[in-house]
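Single-letter residue listing:
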Amino acid sequence: MSHLGKSLRIASLAALIAWPLAAQSKMEAKKPLEASDTQSITATVEAVDTAKREVTLKGPKGNVVVVEVPESVKRFSEIKVGDQLTVKYTESLVVALRKADPTAKLGTSTDEGMQRMEGAKPGAVVSRKVTATVEVVSIDPAAPSVTVRRGDNSTVSFRVEDPKNLEGVKAGDHIVVTYTEALALQVTAPKK
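Residues numbered from 1 in each chain as written. Predicted model: local features only at pLDDT ≥ 70, side-chain atom pairs only at ≥ 80, totals over all residues. Heavy atoms only, no water.

This part is about the packing of aromatic side chains. For the coordinates displayed, the defined rule picks out zero aromatic pairs. The ring of phenylalanine 76 carries arginine 53 above its face, with NZ or CZ at 4.6 Å from the centroid. (Phe/Tyr/Trp six-rings, centres within 6.5 Å; stacked < 30°, edge-to-face > 60°. Lys NZ or Arg CZ within 6 Å of the ring centre and 35° of its normal.)

Pasting the structure below:
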């Protein structure tokens, strides 16, 4: 598994522990817990280096960053100095708890996709969905923390922000976490 995949799995589990589980007094989840966040920023294209496939962007606070544009961006040549690049990042987490199922396999699956946007300038939405099933190994209410076993039999512990989040959770329970993220990039002509 890639480093990014491992990071996403760890981030997903950490977010799970921070999310309030107090409403799930019984381990039979009727409705998954959900949280999402969307952030957006618009930057101005300051320079385009076609030989290196790099774009220099200036953010709203004047910060400048150089971004390498991969070959998969087919309309790179259409990006011009002065264009506006709007980046919208959406991240969501869905948590469902269920009693341990002896036939359920622990592990992580990832689905990735890319959809090009229509328009006069380049744009695309890149998305990733990671689903992880882990088993609760132990809970330490004094810390408070929880230790889980992943599909590769490794264990990892997470500190729990609020001890109420551990109510109804016990060793042997399987926790299913679905983490999705989408990155929408849209280049537009400069505002007049």
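Still more to cover.
The next subject is the pairing of strand 8 (residues 155–159). Residues Val156 and Phe158 of strand 8 are buried on one face, while the alternating residues Thr155, Ser157 and Arg159, pointing to the opposite face, are not. Judged from the five bridges that link them, strand 7 (residues 145–149) and strand 8 form a sheet pairing that is antiparallel. Within strand 8, the residue paired with arginine 149 across the bridge is threonine 155. The turn joining strand 7 and strand 8, which pair antiparallel and follow one another in sequence, is formed by five residues; a positive phi near 70° is taken by asparagine 153. (Buried < 20%, exposed > 50% of the residue type's maximum accessible area, 1.4 Å probe, protein only. Helix = DSSP H or I, 4+ residues; strand = E, 2+ residues; numbered from the N terminus. Pairing = 2+ DSSP bridges.)

Bringing the environment of aspartate 83 into the picture now. By the element assignment, aspartate 83 lies in the loop between strand 3 (64–68) and strand 4 (84–98). Taking the relative accessible area as the measure of exposure, aspartate 83 reaches 2% and is therefore buried. In this structure the C-alpha to C-alpha distance between aspartate 83 and lysine 121, which are 38 residues apart in sequence, comes to 9.2 Å. When neighbours within four sequence positions are excluded, aspartate 83 is seen to be in contact with Ala43, Thr44, Val45, Glu78, Lys121, Val187, Thr188, Ala189 and Pro190. Polar side-chain contacts of aspartate 83 include one of 3.1 Å to the side chain of lysine 121. (Contact = heavy atoms within 4.5 Å. Polar contact = N/O pair within 3.5 Å; in protein donor to acceptor, adjacent residues only side chain to side chain.)

Using the criterion set out here, one finds seven salt bridges in the structure. The salt bridge partner of arginine 75 is glutamate 78, with a shortest N-O separation of 2.8 Å. Exposure remark for glutamate 78: the relative accessible area of 28% places this residue in the partly exposed category. Here arginine 149 ties to glutamate 135 by a salt bridge, and the two come within 2.4 Å at their closest N and O atoms. Here arginine 149 is found in strand 7, whereas its partner glutamate 135 is found in strand 6 (residues 123–140), with 14 residues between them in sequence. If you follow the salt bridges from partner to partner, you end up with Glu112, Arg128 and Glu181 in one network. (Salt bridge = Lys/Arg side-chain N within 4 Å of Asp/Glu carboxyl O.)

Below, the discussion takes up the nonpolar core. Judged by nonpolar contacts, Val134, Val136, Val146, Val148, Val156, Phe158, Val160, Leu166, Val169, Ile175 and Val177 together constitute the single largest core of 11 residues. When residues of this core are traced back to their parent elements, those giving at least two are strand 6, strand 7, strand 8 and strand 9 (174–188). Beyond its immediate chain neighbours, meaning those up to four positions away, leucine 166 contacts Ile139, Pro144, Ser145, Val146 and Val160. Core analysis: the next-biggest nonpolar cluster, separate from the first, contains nine residues, Leu57, Val69, Ile79 and Leu85 among them. (Core = buried A, V, L, I, M, F, W, Y, C linked by side-chain atoms within 4.5 Å.)

Detailed reading of the predicted model is not advised wherever pLDDT is low. For the protein, the mean per-residue pLDDT works out to 77, and 75% of the residues sit at or above 70. Confidence, expressed as mean pLDDT per element, reaches its minimum in the protein at helix 1 (residues 3–18) with 42 and its maximum at strand 2 (residues 54–58) with 94. In the model, residues 1–30 has pLDDT below 50 throughout and makes 64 contacts with residues more than four positions away in sequence or in other chains. (pLDDT = per-residue confidence, 0-100.)

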